[in-house]
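# Overview (structure and organization)
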Amino acid sequence: MSTGTVSRRNFLRTTGITGAALCLGFSFVADGKENEVIVTTDAEQSALELNAWIKIDSNGLVTLIDHRAEMGQGSYQSVAQMLAEELEVNLKDVNVVFAQGDPKKYGGQITGGSSTIRGSYKKLLKLSATAREVLITAAANKWKAPATECYAESGMVIHKPSGKKLHYGELVADASKLEAPKNIVLKKRSDYKLIGKPLHRKDTPMKTNGAAIFGLDKKLPGMLYAVVERNPRFRGKVKSFDDTAAKKVPGVTQVIVVKMEVFNTIREGVAVIANSTWAAMQGRKALKITWDDTGFEHMDTAEVYLRQQQELKKEGLSFKKQGDPDGILATATKVLDVVYQTPYQAHSAMEPVNCIAHYQKDKVEIWGPIQAPDWVQGDISKKFNVPIDNVRVNMTFLGGGFGRKAFLDYPYEATMISKQIGAPVQVIWTREDDTTQGPYRAGISYRAQGAITNGEISAVKFRMAGQNIDHWSNPKRGVPNDSTTEGFLAPYFESIKNISFADVPFEIPIPNMWWRSVYASTNGFAYESFVNELAHEAGKDPLDFRRTYLKDERCQKLIDKLEEISGWKSRKKNEGYGVAITECFASTVGQIVKVSRSIDGKVKIDKVWAVMDCGWYVNPDIIKAQIEGSVVMALGAATIHEITFKDGMVQQKNFYDYPMPRITDIPPIEVHIIDNDADAGGVGEPGLPAFSPALTAAIFDLTGKRIRKLPFNMATV
Amino acid sequence: MISLNVNQKAYQVDADPNMPLLWVIRDIIGLTGTKYGCGVAQCGACTVHLNGEAVRSCVTKVSRAEGQKVVTIEGLSNNNDHPAQVAWNEENVPQCGYCHSGQIMSAAVLLRENPNPSDEDIDSAMAGNICRCGTYLRIRKAIHSAAELQRKELSSR
């Protein structure tokens, strides 16, 4: 059997397409070139040669091959909503199917950087409109009428003068033989019927009756369950183990040593395989393991931050510099010089990390909550020496991802176990594994220096010291973190003439990975907190201060909106207000937090206002939901969460010592979206970074106390 | 062999009596709507009804459920039409959706016991259920809507 046959058969099974169909996709060409739309009837052919996105079968059922993951952010709905708009079909008739990992067909599939819509909306709209146009042409040809007399609506082509109608299903055979027309005209925003509307998500019904299949819910015939007792230190190995008691647990079938590659280092553990999750967990408890913890540093949190503070005395690697901030800081009379500190964070998705792997000779199949199926495919192919087309990586729904599930360690480990035991296996990470094993958002320290001259910012100098995701695997770090300015609004560079950013290399053996909004989540706290401190030093209102320095029209509108909705200028005496505005993945979000003292003397958050400018958008309710959720996640990150290390091991284990915000902790959150025609920006992450600097600014406004270290305890401010 | 009644269906399961009900439901019976989140009754993702009461199935030994009536999210209604399910859809509550089986099972007990819950009633009934996506404001709103739906259903009977 050729490898191509496997992939074609699987593709057909996945999409459920038989017989005549209209298939549309973009021909795959190198980056930077205009991709051509290809129309075909042959699904087999298209499966190999197109990054095929849309299929319409002879019953009129539309299938959209979604090459990105759905982890809560709502793109499962947004992609369908876009397609239905330009194709002129009812949303309920669109079936969304997750693509397998295959970068040859789909290009990059990593669901990260809030990139699903902003990265593909123009292509998808064009593809959908092209499908509509060939269907109209096919109908016009049948009726021998000019195409201009025909229009499409609700999955039908209608001949205006006669009122004749043909369903798309009746047209696909003819339409698939037509050439794709050039110069497709997309709808105007004012003509949209679906885009821009707060429509219900297609995945909600199956998420309220237990039908949605997450990674942990997938079962394969003959599948076994495994849990792994990994060395609690990140680079630790297994010296020896005694599995006598573990093997006596009913249901336990095997106990093996397993290696897991974490970036380019190996962590070892002992895997217990059983016929149920519970039996595997019981077997694991009965293991006696001696670890080998030699050859690497055993870190303590206090030491991590002490070293970061030391590093911040150095100049570091220059990332961006304009004017002469050093010269001005050396002579200015009003100078601020402060340090901000942010903690390590766990992702703590509700669905713990898990993965199913079935390794067979020359063939691997993976199922799981996976953010980057194409990366997993490439990684497994390379590390297990299996031809890439024989590695099939299937995405389920993800019970949260936040960046953790874009990492490659867990599919690798599951494949290792399956290879060793010769059976399909589901590897389950317990909540404790998920919390203690990383990778984490890096804790980063920042030094901020600034000078105020005649009430204006005359110089700003930022430097950061913290681990860099890109360089963790490559400690020979000679270049600054390319995300050093992430989160900081570009228009500031127009108005602050003397400013510099630097990154001081800092490497320790703690594995790090993207965490929702990535560097903006920590940079945003430092940079926007410092803007608030400079405003105070200059004796200016923090919102007006930003008006002065963010001259860009979109920022001005966003600031006006924040002022209008929050009552910023009409605040009462016992209320604290704080503001911050951050950029993240091509969207800008401003937040205002209002705090006051409760009768018991504790500071409480009364309200959060958020304004989102993400340019062109699909579904305003999904955007609101993402910002609400981002604020809740940011609340935990600012006031509760810190992963700490002692002797090289993580000290938090489960929700009892790494507690999540609960329904009792959530302030009212009011979200507004700015309407404009700018290119689409990200939605899933940009709502997060502005919250913590706005909150600490509000607390300063109320109490006069500056908070420069996260997390802090709301009960004691 | 342990006799169980899950969603009004009888099962004979061959399981260690100490195995939590969660893993029996998921791995042996094969109903995967009930979720594992923490294993220590901290997050509520595993909430099911045992004789009508909300319990955390991750810490409920299967022996405790023997001969009792267990209802999981799959058995809460026939057509996804329990007032809480309808309201969850109406208010666009779920994001990733993983915790919502448990959220809805907790809400269903609250709605039965307290047909007109205040914000405070909702908060105290739902404080045991974690949502990492942060859908809490919508959960509260959906429970109010569900209560309204439930009252309408009762008055139209």
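What you see is a predicted model; the values in this text were computed from it and never measured.

### Things to note about the overall build of chain B
When helices and strands are tallied, chain B shows 6 helices and 5 strands. In chain B, the order of α-helices and β-strands from amino to carboxyl end is β-β-α-β-β-α-β-α-α-α-α. The C-alpha atoms of chain B give 15 Å as radius of gyration, which agrees with the globular expectation for 157 residues (15 Å, within 12%). In terms of its C-alpha atoms, chain B occupies a principal-axis envelope of roughly 45 × 35 × 25 Å. Taken over 157 residues, chain B has a buried fraction of 57%.

### Topic: the overall build of chain A
Secondary structure assignment for chain A yields 19 helices and 28 strands. Overall size of chain A, expressed as C-alpha extent along the three principal axes, is 80 × 75 × 50 Å. Relative to its full complement of 717 residues, chain A shows a buried share of 56%. Pairs at least 24 residues apart make up 78% of the contacts formed inside chain A by residues separated by at least 6 positions.

### Quick notes on the UniProt feature "domain: Aldehyde oxidase/xanthine dehydrogenase a/b hammerhead" (unreviewed entry) in chain A
The UniProt feature table records "domain: Aldehyde oxidase/xanthine dehydrogenase a/b hammerhead" (unreviewed entry) at residues 209–295 of chain A. Within residues 209–295 of chain A, the helical portion is 16% and the strand portion 45%, while the C-alpha atoms at the span's ends are 50 Å from each other.

### Regarding the domain arrangement of chain B
Residues and elements named next belong to chain B. For chain B, the assigned domains are domain 1 (2–75) and domain 2 (83–156). The gap between the C-alpha centroids of domain 1 and domain 2 is 21 Å. Listing elements by their share of the side of domain 1 that touches domain 2, those giving two or more residues are strand E3 (47–50) and strand E4 (53–56). No other element matches E3, which puts 3 residues into the side of domain 1 that touches domain 2.

### Here's the deal with the sheet that holds strand E21 (residues 456–466) of chain A
All names here are of chain A. With mixed pairing, 5 strands are arranged side by side in an open sheet as E14-E22-E21-E20-E15. The sheet terminates laterally at strand E14 (317–322) and strand E15 (335–341), the two strands that pair on one side only. Strand-to-strand twist across the sheet, computed as the mean angle between neighbouring axes with direction ignored, equals 10°. By the bridge criterion, 6 bridges tie E21 to strand E22 (residues 499–504) in an arrangement that is parallel. The residue bridging Arg 463 from the neighbouring strand is Ala 502, located in E22. Helix-sheet contacts for helix H15 (residues 520–537) involve E15, strand E20 (444–453) and E21, and the interaxial angle to E20 is about 25°.

### Re helix H3 (residues 83–90) of chain B
All names here are of chain B. Most of H3 is tucked away, with 7 of its 8 residues classed as buried. For H3, every residue scored as buried is listed here: Pro 83, Ala 84, Gln 85, Val 86, Ala 87, Trp 88 and Asn 89. Backbone geometry just downstream of H3 places Asn 92 in the positive-phi region, at approximately 50°.

### Let's talk about the interface of chain B and chain A
Counting from both sides, the interface comprises 45 residues of chain B and, opposite them, 46 residues of chain A. Looking at the side of chain B that touches chain A, the elements that each hand over two or more residues are helix H1 (21–29), H3, helix H4 (100–113), helix H5 (119–126) and helix H6 (136–156) of chain B. With 4 residues, the single largest contributor to the side of chain B that touches chain A is H6 of chain B. Here the residues of the side of chain B that touches chain A sort into 23 nonpolar, 16 polar and 6 charged.

### What to know about the pairing of E21 of chain A
Residues and elements named next belong to chain A. Of all 11 residues in E21, 10 are buried; the element is thus mostly enclosed. Where E20 lies against E21, 10 bridges are found, and the strand directions are antiparallel. Looking at E21, one finds that Ala 451 is bridged to Ala 459. Counting the residues between successive antiparallel strands, the hairpin from E20 to E21 contains 2 residues, one of them, Asn 454, with a positive phi of roughly 50°.

### Remarks on the domain arrangement of chain A
Residues and elements named next belong to chain A. What the domain assignment lists for chain A is domain 1 (3–207), domain 2 (215–296 + 353–428) and domain 3 (312–344 + 441–716). Taking only C-alpha atoms, the centre of domain 1 and the centre of domain 3 are 40 Å apart. Here the side of domain 1 that touches domain 3 takes 4 residues from helix H3 (residues 75–87), the largest share from any one element.

### Observations regarding the packing of H3 of chain B against H6 of chain B
Residue and element names in this part refer to chain B. One can describe the packing of H3 onto H6 by two numbers: an axis separation of 8 Å at closest approach and a directional angle of 130°. The pairing of H3 with H6 is recorded here as oblique in orientation. Relative to H6, the crossing made by H3 is right-handed. From H3, Pro 83, Ala 84, Val 86, Ala 87, Trp 88 and Glu 90 reach across to H6, where they touch Ala 142, Ser 145, Ala 146, Leu 149, Gln 150 and Glu 153. Residues of the contact of H3 with H6, tallied by class, amount to 8 nonpolar, 2 polar and 2 charged.

### Some words on the confidence of the model for chain A
Residue and element names in this part refer to chain A. On average, residues of chain A carry a pLDDT of 92, and 93% of them reach 70 or more. The low-confidence segment residues 1–17, where pLDDT is below 50, has 27 contacts with residues more than four positions distant or belonging to other chains. Taken as a whole, residues 44–49 scores under 50 in pLDDT and shows 13 contacts with residues more than four places along the chain or in a different chain.

### Some thoughts on the packing of helix H5 (residues 116–143) of chain A against helix H6 (residues 168–175) of chain A
All names here are of chain A. Between H5 and H6, the least distance of the axes is 9 Å, while the angle of their chain directions is 90°. Between H5 and H6, the crossing angle belongs to the class labelled roughly perpendicular. Residues Val 134, Leu 135, Ala 138, Ala 139, Asn 141 and Lys 142 of H5 lie in contact with H6, whose contacting residues are Tyr 168, Leu 171, Asp 174 and Ala 175. Looking at side-chain class alone, the contact of H5 with H6 contains 7 nonpolar, 1 polar and 2 charged residues.

### Examining unusual backbone geometry
Residues and elements named next belong to chain A. Each neighbour pair has its own omega, and for Gly 438 with Pro 439 the value is -10°, a cis peptide bond. Of note, Pro 439 is situated in the loop between helix H13 (431–436) and E20. Cis geometry marks the peptide bond from Leu 710 to Pro 711; its omega dihedral reads -5°. Looking at the secondary structure, you find Pro 711 in the segment after helix H19 (691–703). With a phi close to 45°, Ser 114 is a non-glycine residue in the positive phi region.

### Overview of the nonpolar core
All names here are of chain A. Ranked by size, the top nonpolar core spans 260 residues in total, and within it Leu 83, Leu 135, Ala 226, Val 272, Ala 280, Ala 610 and Ala 694 carry the most contacts. Per-element accounting of this core gives the leading share, 11 residues, to helix H18 (residues 620–639). When sequence neighbours within four positions are dropped, the list of residues in contact with Leu 83 reads Ile 54, Leu 64, Val 94, Leu 124 and Ser 128.

### Details of the pairing of strand E9 (residues 224–230) of chain A
Residue and element names in this part refer to chain A. Counting buried residues along E9, 7 of its 7 residues qualify, which places the element largely inside the surrounding structure. The alternating pattern of E9 places Leu 224, Ala 226, Val 228 and Arg 230 and Tyr 225, Val 227 and Glu 229 on opposite faces, both of which are buried. Here E9 runs beside strand E19 (residues 425–428); their pairing, made up of 3 bridges, is parallel. Of the residues in E19, the one forming a bridge with Leu 224 is Val 425.

Criteria and cut-off values
Residues numbered from 1 in each chain as written. Chains lettered and ligands numbered in written order. Predicted model: local features only at pLDDT ≥ 70, side-chain atom pairs only at ≥ 80, totals over all residues. Helix = DSSP H or I, 4+ residues; strand = E, 2+ residues; numbered from the N terminus. Rg over C-alpha atoms; globule rule 2.2 N^0.38 Å. Buried ≥ 20, exposed ≤ 12 C-beta atoms within 10 Å, placed from the backbone. Contact = placed C-beta atoms within 7 Å. UniProt positions renumbered as here; feature names shortened; annotations may be inferred. Domains from an automatic or database assignment. Pairing = 2+ DSSP bridges. Axes fitted to C-alpha atoms, helices over the stretch in contact; angles between N-to-C directions. Nonpolar A, V, L, I, M, F, W, Y, C, P; charged D, E, K, R; others polar. Parallel < 35°, antiparallel > 145°, perpendicular 65-115°, else oblique. Left-handed = near helix turned anticlockwise from the far one by under 90°. pLDDT = per-residue confidence, 0-100. Core = buried A, V, L, I, M, F, W, Y, C linked by C-beta atoms within 7 Å.

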